[in-house]
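# Coordinates in review
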Amino acid sequence: MTVPLDIVTDPAHGGRWTSLRAADREWLWRRESPQRESVSPGDAFVDAGGLEECVPTVRGAPDHGEAWSRPWTRDEHGTETVRGSRFVLTRAMRPTADGAEADYLLTADAGFRFVWAAHALLDLSEHAALHARAGASTRLFPEAAPLLGRAWPTGARWVEGGWPAPCGLSLDRLGPDDGTAVGAVVDVSRCCVHDREDRLALTLEADGQPMSIGLWRNLGGFPAERPYRSTGVEPMLGRVFDLAEAGPGDAACVPASGEVRWRLTLTANCRCP
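Calculation notes
Residues numbered from 1 in each chain as written. Predicted model: local features only at pLDDT ≥ 70, side-chain atom pairs only at ≥ 80, totals over all residues. Heavy atoms only, no water. Helix = DSSP H or I, 4+ residues; strand = E, 2+ residues; numbered from the N terminus. Rg over C-alpha atoms; globule rule 2.2 N^0.38 Å. Buried < 20%, exposed > 50% of the residue type's maximum accessible area, 1.4 Å probe, protein only. Areas by Shrake-Rupley, 256 points an atom, 1.4 Å probe, with all protein chains shown as cover. Salt bridge = Lys/Arg side-chain N within 4 Å of Asp/Glu carboxyl O. Pairing = 2+ DSSP bridges. Phe/Tyr/Trp six-rings, centres within 6.5 Å; stacked < 30°, edge-to-face > 60°. Lys NZ or Arg CZ within 6 Å of the ring centre and 35° of its normal. Core = buried A, V, L, I, M, F, W, Y, C linked by side-chain atoms within 4.5 Å.

This next bit is on the overall build of the chain. Across its full length, the chain carries 0 helices and 20 strands. Against the globule reference of 19 Å for 273 residues, the chain gives a C-alpha radius of gyration of 18 Å, in line with a compact fold. The C-alpha extent of the chain, read off along each of the three principal axes, is 55 × 45 × 35 Å. Taken over 273 residues, the chain has a buried fraction of 55%. In the structure as shown, the chain presents an accessible area of about 11,900 Å², 49% of it carried by carbon and sulfur atoms.

Moving on, we get to the pattern of salt bridges. Side chains that differ in charge, positive against negative, can pair when their charged atoms come close. Within this structure, the stated rule accounts for 18 salt bridges. Among the ionic pairs, Glu 160 bridges to Arg 139, the shortest N-O distance being 3.5 Å. Of this pair, Glu 160 sits in strand S13 (residues 159-162) while Arg 139 sits in strand S12 (residues 137-140), and the two are 21 residues apart along the sequence. By relative accessible area, which is 42% here, Glu 160 ends up partly exposed. What makes Arg 139 buried here is its relative accessible area of 11%. Note that Arg 229 is salt-bridged to Asp 177, the shortest N-O span being 2.6 Å. Taken together, the positions of Arg 229 in strand S18 (residues 228-237) and Asp 177 in the loop between S13 and strand S14 (181-186) put the pair 52 residues apart, joining distant regions of the chain. Ionic contacts of the salt-bridge type, sharing partners, join the residues Glu 53, Arg 74, Glu 80 and Arg 91 into one network.

Here the focus is the sheet that holds strand S20 (residues 259-267). On the basis of which strands lie adjacent, the open sheet formed by 8 strands has the order S5-S6-S7-S8-S20-S16-S15-S11 and antiparallel pairing. Where the open sheet ends on each side, the last strands, each with one partner, are strand S5 (73-74) and strand S11 (129-131). As judged from the 2 bridges shared by S5 and strand S6 (residues 80-83), these two strands associate in the antiparallel manner. Each residue of the ladder has a partner; that of Thr 73, found in S6, is Thr 81.

Applying the stated criterion to the full structure yields 11 aromatic pairs. Considering the side-chain rings of Phe 141 and Phe 241, the 5.3 Å spacing of their centres and the 50° angle between planes classify their relative orientation as tilted. Here Phe 141 is found in the loop between S12 and S13, whereas its partner Phe 241 is found in the loop between S18 and strand S19 (252-253), with 100 residues between them in sequence. With respect to class, Phe 141 is no different from Phe 241; both count as buried. Put simply, the rings of Phe 87, Tyr 104, Phe 112, Phe 114, Trp 116 and Trp 262 touch in pairs and so form one group of aromatic residues. The aromatic ring of Tyr 228 is capped on one face by Arg 31, whose charged end is 4.2 Å from the ring centroid. One Lys or Arg, Arg 91, reaches over the ring of Trp 72 and ends 4.2 Å from the middle of that ring.

Most of strand S17 (residues 211-222) sits out of view: 9 of its 12 residues are buried. Both S14 and S17 contribute to a ladder of 6 bridges, which runs antiparallel. Bridge assignment links Ala 181 to a residue of S17, and that residue is Asn 218. The sheet contact formed by S17 and S18 spans 10 bridges and is antiparallel. Of the residues in S18, the one forming a bridge with Gly 214 is Glu 234. Turn length for the S17-S18 hairpin, with the two strands adjacent in sequence and antiparallel, is 5 residues, and the turn residue Arg 226 shows positive phi of about 55°.

So, on to the nonpolar core. Counting 62 residues, the largest nonpolar core has Leu 106, Phe 114, Leu 237 and Trp 262 as the members making the most contacts within it. Here this core gets 5 residues from one element, more than from any other, and that element is strand S8 (residues 99-108). The next biggest cluster of nonpolar side chains, apart from the first, holds 12 residues, and it includes Trp 158, Met 236, Val 240 and Ala 246.

Here's what the structure looks like:
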């Protein structure tokens, strides 16, 4: 069945995707955040939901990267561009027969390392589930420590296990709320979200760069004061949330050409691994 996906973005306020709609289904979760209207580079992150382009890091400094706090421009062809402190990122979106595609180009000096994530916060029911390749290596980060039933290894930045239950922690069910919040990075380039009868498949393509799917499963456990529910399913270049923690092969790297290209494909049809 052909189900087109309509994307709406807000270039003036960080290039955020404000809508991802398939027929009568809105996939993006959003929240009222009036302070987002006046942010500047260096400001603390303001969570308005939607899909944020996080680059050159997700966690760490600057929190959620540089693109969210800077204005983007849109040319006559619909291509949108943001200029960071050390890079320029452009994206061009187009509809397809069964969804949409977004083509990206990052230009920077050769050797520039970065993490990018399509930080999509999804509006999901408590019945939603995330499907990815069984057994895929999955990294858990220190916020998962209280949920593992064992001591966190001294000095470890992450621990690893196989999807969907790395180190015994089941992550594929995205509800109901239980007061926990945990992030994970799965070593796959595609996944599919099931929510009752609805489907959203996400596939990433990038030659010669590390790819993964990030998961932020916040079931009412974050922030500590006034926690709320938010679920991030995040195609990524890189295998860590924080660029400062990236070892060899854990971050994208600009080659001698000065360019990195990649494509994100979204469909409302099931493409389960």
